[in-house]
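Structural overview for review
Each chain, written out:
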Amino acid sequence: MKMRTIAAMAAIAAVVMSTAACSSGGGSSPSGAGKTLTYWASNQGTSLENDKEVLAPELAKFTKETGIKVKLEVIGWNDLQTRIQTAVTSGQAPDVVNIGNTWATSLQATGAFLPFGDAQMKAIGGANKFVKTALDTGGAPGKTVTSVPLYGLAYGLYYNKKMFSDAGLTPPTTWEDMVADAKKLTNPASGVYGMTLAAGSYTENCHFAFINSAQNGADLFDSKGKPTFTSAGVVDGIDRYLSLMQSDKVVNVANAQYDNGTQSVSDFANGKAAMVINQNNAGNSIAAAGMSPDAYGVVPFPAPASGEKIATFIAGINLSIFKNSKNQDAALQFVKFMTSEATQATLDKPFSSLPVLQGVTPTFTDNADLAKTFQDIYSTKSKPLPLVPAEDQFESTVGKAMNSMFATIATGGTVSKADIKAALKTAQDQVTATMG
Amino acid sequence: MPFALIAPAVVFELLIHVTPMAVGVWMSVVKLTKFYIANWSAAPFAGFDNYHLALDVNGALGASLLNSFAITCAFTALVVSISWILGMAGAVVLQRTFWGRGFFRTLFLVPYAIPVYAGIIAWKFMFQKDTGAVNHLLADNLHLIGAGDKPFWLIGDNAFVAVVVVTIWRMWPFAFLMLMAGLQSIPEELYEASAVDGARPFRQWRSITVPMLGPVNRVLVLVMFLWTFNDFNTPYILFGGAQPPTGDLISFHIYSASFLTLNFGFGSAMSVLLLLFLLLVTGVYLFVLNRRSRRA
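Remember, it's a predicted structure, so these values are computed and weren't measured experimentally.

1. Side note on unusual backbone geometry
Residues and elements named next belong to chain A. Positive phi, normally seen in glycine, also occurs at K249, with a value near 55°. With respect to the helices and strands, K249 occurs in the loop between α10 (232-246) and α11 (261-269). The phi torsion at S352 lies on the positive side, around 45°, for a residue other than glycine. With relative accessibility at 4%, the residue S352 sits in the buried group.

2. Structural notes on the packing of aromatic side chains
Residue and element names in this part refer to chain A. Tallied over the entire structure, the rule returns 41 aromatic pairs over all chains. Relative to F208, the ring of Y155 has its centre 4.9 Å away and its plane inclined at 55°; by these criteria the two rings are tilted. Remark: F208 occurs in helix α9 (residues 202-215) and Y155 occurs in strand β5 (residues 155-160); sequence separation between them is 53 residues. Residue classification places Y155 among the buried positions, given a relative accessible area of 0%. Judged by centre distance (5.8 Å) and plane angle (80°), the rings of Y241 and F406 are edge-to-face.

3. Looking at the side chain of B:T33
Following the sequence through the fold, B:T33 ends up in the loop between α1 (2-28) and α2 (49-55). For B:T33, the contacting residues outside a window of four places in its chain are A:T434, B:L262 and B:N263.

4. Considerations on the interface of chain A and chain B
At the interface, 37 residues of chain A touch 36 residues of chain B. With both chains or domains summed, chain A and chain B bury close to 3,000 Å², and 64% of this area falls on carbon and sulfur atoms. At the surface where chain A touches chain B, the tally comes to 2 salt bridges. With a shortest N-O distance of 3.0 Å, B:K34 and A:D392 are connected by a salt bridge. Summed over the shared surface of chain A and chain B, the result is 3 residue pairs in polar contact (both at pLDDT 80 or more). When contributions to the side of chain A that touches chain B are tallied by element, the ones reaching two or more residues are α1 (2-24), α3 (77-90), α4 (104-110), α16 (391-410) and α17 (417-433) of chain A.

5. Quick look at a nonpolar patch on the surface
All names here are of chain B. A cluster of nonpolar residues, M1, F3, L5, I6, V10, L14 and V18, forms a patch on the protein surface that exposes about 700 Å² of accessible area. By secondary structure assignment, the location of V18 is in helix α1. On the basis of relative accessible area, V18 is assigned to the partly exposed category, the value being 39%.

6. A short note on the nonpolar core
Residues and elements named next belong to chain A. If you look at the biggest cluster of nonpolar residues, it comprises 85 residues, and the most contacted ones within it are M195, I238, L244 and F394. Top contributing element to this core by residue count: α16, with 9 residues. Shared between two domains, this core holds at least three residues of each, these being domain 1 (30-153 + 314-383) and domain 2 (155-313 + 388-433). Residues contacting I238, with those up to four places away along its chain left out, are A209, V398, M402, M405, I420 and L424.

7. Brief notes about the domain arrangement of chain A
Residues and elements named next belong to chain A. If you check the domain split of chain A, you get domain 1 (30-153 + 314-383) and domain 2 (155-313 + 388-433). Averaged C-alpha coordinates put domain 1 and domain 2 at centres separated by 28 Å. Each side of the interface is counted separately: domain 1 has 25 residues, and domain 2 has 25 residues. With both sides pooled, the region where domain 1 packs onto domain 2 buries about 2,200 Å², and carbon together with sulfur makes up 59% of that total. When the buried area of domain 1 at its contact with domain 2 is split by residue, F374, K381 and K383 rank highest and sum to 27% of it. Joining domain 1 to domain 2, the criterion identifies 1 salt bridge. Close ionic contact of K383 with D219 constitutes a salt bridge, the shortest N to O distance being 3.1 Å.

Procedures and definitions
- Residues numbered from 1 in each chain as written.
- Chains lettered and ligands numbered in written order.
- Predicted model: local features only at pLDDT ≥ 70, side-chain atom pairs only at ≥ 80, totals over all residues.
- Heavy atoms only, no water.
- Helix = DSSP H or I, 4+ residues; strand = E, 2+ residues; numbered from the N terminus.
- Buried < 20%, exposed > 50% of the residue type's maximum accessible area, 1.4 Å probe, protein only.
- Phe/Tyr/Trp six-rings, centres within 6.5 Å; stacked < 30°, edge-to-face > 60°.
- Contact = heavy atoms within 4.5 Å.
- Buried area = accessible area lost by both parts, 1.4 Å probe.
- Salt bridge = Lys/Arg side-chain N within 4 Å of Asp/Glu carboxyl O.
- Polar contact = N/O pair within 3.5 Å; in protein donor to acceptor, adjacent residues only side chain to side chain.
- Patch = residues over 30% accessible without salt bridge, like charges linked within 9 Å, V, L, I, M, F, W, Y side chains within 5 Å.
- Areas by Shrake-Rupley, 256 points an atom, 1.4 Å probe, with all protein chains shown as cover.
- Core = buried A, V, L, I, M, F, W, Y, C linked by side-chain atoms within 4.5 Å.
- Domains from an automatic or database assignment.

This is the structure we're talking about:
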């Protein structure tokens, strides 16, 4: 009896192992047709389901053109980075993957991704088809990029038109104007605030650490890739951003708990805040929360009058191919298809993204003013996040330090410049201690 | 034949326990950063550099590890002791026969039966500042705090309270279950005899229940200690990707170092240190208890 049980268990184990082997080793025949690619897409639409619906017809078109099938998985932002890192670590990876372009240099450093050298670039239609600033986010300067731009994004300051006109205000052009307007529009008694921030999201916070520092002309890393978080410009930049909640009091302290951008966008759409800083894909979420597109306008996120006019980092999604993919040719064909003018024109609208191809008109919105504003921000008021391998550590260390600072402010404490500098010193030591 | 019979067990033990541990120890002595994770074998040997970083309390990384360790110790002490008290109280109260006993026994086990994720997500909603049930109860129903002073639970200093409460909620039904099972093996005659001698319930509990539950308690406390000290799910689900400083429990701390900053060598070194600490505590605990029980 016992012997039989053991034998049965051994048989089950053998079956499990062999099926596991099957699933990881599929598809190794040489050229295109008949192959299956695995593609991990990031969440760009209003939901994971929405992404699948948007992408399905395009993928079908690709299969019809090339005979290559695509197995799609859409992955939410909370999981994507971990999934990619696990794939890199284990080697159990998809063929093609969407990455947040700020991760490009860190992921490039892992050596797990296919460099787009001359041959690969030619296969996907040439480097010249991309907007240069967008392609520059594909990897460290001077190295062959390991990702190419897919969707372009930029931050803008969304404002509620009615609240502004009721108060006799015009949209701000400087930081000082923005704060003054926000103060006039703040009325805690009725639960309305001038601005709303995703102050509990470390990924959002680190973006504003960067933008506000850049407005002060400060860099986060020196030319050797060593962190310079404690420089005066960075400390002042973070202090300015914190002051919206701390001293100007134009942000509800409850925002310290908002751990993703959707919550602040929802406050804006529901009239609880007059302004929100968000990337240009906010349109869909605002509409989903019931605010009409005519009810809001967008201006560049303003810098202080004396500062540099930087309103965003070059945000966006890039496409990468895993180096250990057995279907590299098919993967390149797929990247070519996804970055073709036709596919881009179709996808930019539902995903509210800015074009990453040269000489293409934006299709992400029907509102010509909005399109023009974002196009202008993206091409003239932007700066890339540091293109150094330790960029991901900047995001987690400085971003989380800012979460704690907002938490301190929200729970009644104060954060002085000395406190900011001390926290940034710790973050800087952490990054330095673990640098390769 | 006997060796053939235990062979599968030995093979799987090696595969599931020993190999990952050995790999973990190896990882802790190499510089396994993001530059090498695609090709582990190329990672350069680092000797005890990772350990040095983890134990250097004057450096940023060592100081934050020490801080996380201290928080975890306080967290574990609170969770284990309060869970044990609640479990014991529940088990003793439900030992008497009364109408509805089965219902309460089931009810008390519900937190243990609910999927971890669902349970903690529900707590996360309840701990929200403006819309959460906890603040609603404290401010609007009980008027313990003013409606305008609703505190944050998931950020700032209260985060520690929140994670302790949720972990106790998940842990105490286990103590309850084990102690209730242990109580069934205590002969009823002992209580009857002591009652004849005039013992009141508290005396009965102290002189009969606690000593008779000794073997159960020994295992129960050890298991609860290990689970609580290593708890990853609760802080991860409750706080998401960014833990507040007061909720920086050690498993989560190691996870952040390994996955968010892709420094697996350093993460492994901290894991090995954690393993050594837990081995030490467990060893001392068992040694002391065994000696005491042999003497008794």
